[in-house]
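Each chain, written out:
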Amino acid sequence: MFWFQQGLCFLPVFLVVWSSATFIFPYIIAVFRGDVDVVFPYISDTGANPPESCIFGLMTFISACAGTATIYARYKYVEKLTEQNGLVKPCLNEATLGLGIIACLGMCIVATFQETAVTIVHDVGALIFFVSGIVYTILQCVISFKACPYGSSIRVCRVRYLIAVIATAAFFPTVICTGFVKQTTLHRHTYDEDYPYQIASAVCEWTVAFSFICFFLTYIEDFKMFKLQVRTAYED
């Protein structure tokens, strides 16, 4: 048996690989077509024009579905792990599940409403995704430390904490610097007055996005230890 066939670790593995490809492939296509600049465009800019917009939308939706499945599996794992010792309160685990699903819903909004078509809805979806995703990582850090050492090792807990700190620290410059960006064109020039703010916000946006990917990467070892089963029962 290969390592990715153990337990449910194929879920976070697929999510990490697919989500990375979701960000990278549209970027490569957009750069080769000359639709965006090479140096740190916004993630949404790489999926603004067809055909990359179609690829970005489809791959983002699949990432949202894979994220929902992984988040739910993590919820059931924590529920089973702590049902005997009560280290993690069920309300905390349920709140974390809800925030994770809301973040995935934000991804679906981003995928469905493209930046150049319905800007306001797209931006709201991105904000939902980032805010809910960051709070999700923070609460999962709390759960990890509470369940330690029954769940993850203390080293993994610290790695998750570091990733959550990076994502949180990068989020605020993303929002603040975006407020100073006046132009909405896909191509920017170094002599533009708001160019430094655009670069700063784009770098931080990419940092937050890949912080989420790295966070799910830490689930792989945990997901090797359990499986989920579906049972069918007739009602009288």
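Residues numbered from 1 in each chain as written. Predicted model: local features only at pLDDT ≥ 70, side-chain atom pairs only at ≥ 80, totals over all residues. Heavy atoms only, no water.

Participant: Mind showing me how you'd approach the nonpolar core here?
Facilitator: Nonpolar side chains tend to gather and get buried jointly when the protein is soluble and globular. Among the nonpolar cores identified, the biggest contains 49 residues, and F212, F216 and F223 are the most heavily contacted of them. Of all the secondary structure elements, the ones that give two or more residues to this core are α1 (10-33), α2 (52-82), α3 (90-112), α4 (119-147), α5 (154-178), α6 (195-217) and α7 (220-223). When residues of this core are assigned to their parent elements, the largest contribution, 9 residues, is made by α4. (Core = buried A, V, L, I, M, F, W, Y, C linked by side-chain atoms within 4.5 Å. Buried < 20%, exposed > 50% of the residue type's maximum accessible area, 1.4 Å probe, protein only. Helix = DSSP H or I, 4+ residues; strand = E, 2+ residues; numbered from the N terminus.)

Participant: Explain unusual backbone geometry to me, please; I cannot follow it from the model alone.
Facilitator: Across the chain, the bulk of peptide bonds are trans and the bulk of non-glycine residues have phi less than zero. Put simply, P50 and P51 share a cis peptide bond, and its omega is 5°. Position of P51 relative to the elements: it lies in the loop between α1 and α2. In this model, F40 sits at a positive phi of 40°, which is unusual for a non-glycine residue. The topology assignment puts F40 in the loop between α1 and α2. When its relative accessible area of 39% is taken as the criterion, F40 is described as partly exposed.

Participant: Whenever I open this one, the side chain of S144 confuses me. Can you help?
Facilitator: Turning to its location among the elements, S144 is positioned in helix α4. On the basis of relative accessible area, S144 is assigned to the buried category, the value being 2%. Side chain to side chain, S144 and R74 meet in a polar contact 3.4 Å long. Leave out the neighbours within four places in its chain, and S144 touches R74, C157 and R160. (Polar contact = N/O pair within 3.5 Å; in protein donor to acceptor, adjacent residues only side chain to side chain. Contact = heavy atoms within 4.5 Å.)

Participant: Looking at this structure, how should I read the pattern of salt bridges?
Facilitator: A side chain of one charge can pair with a side chain of the opposite charge if their charged atoms are brought near each other. For the structure shown, the criterion picks out 7 salt bridges. A salt bridge links D35 to R33; the nearest nitrogen and oxygen atoms lie 3.1 Å apart. Owing to a relative accessible area of 12%, D35 belongs among the buried residues under this scheme. Between R160 and D222 there is a salt bridge, with its nearest N and O atoms 2.7 Å apart. Of this pair, R160 sits in helix α5 while D222 sits in helix α7, and the two are 62 residues apart along the sequence. Across the pair, D222 and R160 agree in class, each one buried. (Salt bridge = Lys/Arg side-chain N within 4 Å of Asp/Glu carboxyl O.)

Participant: Which parts of the structure should I look at to understand α3?
Facilitator: Along an α-helix, a turn takes 3.6 residues, which lines up residues three or four apart on a common side. Between its terminal C-alpha atoms α3 stretches 33 Å, which fits the 33 Å expected from 23 residues at 1.5 Å a residue. Buried residues of α3: L92, N93, T96, L97, G100, A103, C104, G106, M107, I109, V110 and A111, and no others. If you follow the buried residues of α3, they end up packed against α2 and α4. (Expected span 1.5 Å × (residues − 1).)

Participant: Got a minute to help me understand the packing of aromatic side chains in this structure?
Facilitator: Aromatic rings in a pair are described by how distant their centres are and how their planes are angled relative to each other. Scanning all chains against the criterion turns up 15 aromatic pairs. Relative to F210, the ring of W206 has its centre 6.1 Å away and its plane inclined at 15°; by these criteria the two rings are stacked. In this pair, W206 and F210 are both assigned in helix α6, 4 residues apart and thus about one turn of the helix distant. Under the relative-accessibility criterion, W206 is labelled buried at 13%. Aromatic side chains F216 and Y219 sit 5.4 Å apart centroid to centroid with 90° between the ring planes, which places their arrangement in the edge-to-face category. The burial state of F216 is the same as that of Y219; both residues are buried. An aromatic cluster is defined as three or more aromatic residues linked by ring pairs; in this entry it consists of Y136, F215, F216, Y219 and F223. (Phe/Tyr/Trp six-rings, centres within 6.5 Å; stacked < 30°, edge-to-face > 60°.)

Participant: What's the story with the packing of α3 against α4 in this structure? I'm lost.
Facilitator: Each packed pair of helices is defined by two parameters, the angle between the axes and the distance between the axes. The interhelical angle for the contact between α3 and α4, taken along N-to-C directions, is 155°, at an axis separation of 7 Å. One element, α3, and the other, α4, form an angle in the roughly antiparallel class. For the element pair α3 and α4, the recorded crossing hand is left-handed. Residues belonging to the contact of α3 with α4 are distributed by class as follows: 16 nonpolar, 9 polar and 1 charged. (Axes fitted to C-alpha atoms, helices over the stretch in contact; angles between N-to-C directions. Parallel < 35°, antiparallel > 145°, perpendicular 65-115°, else oblique. Left-handed = near helix turned anticlockwise from the far one by under 90°. Nonpolar A, V, L, I, M, F, W, Y, C, P; charged D, E, K, R; others polar.)

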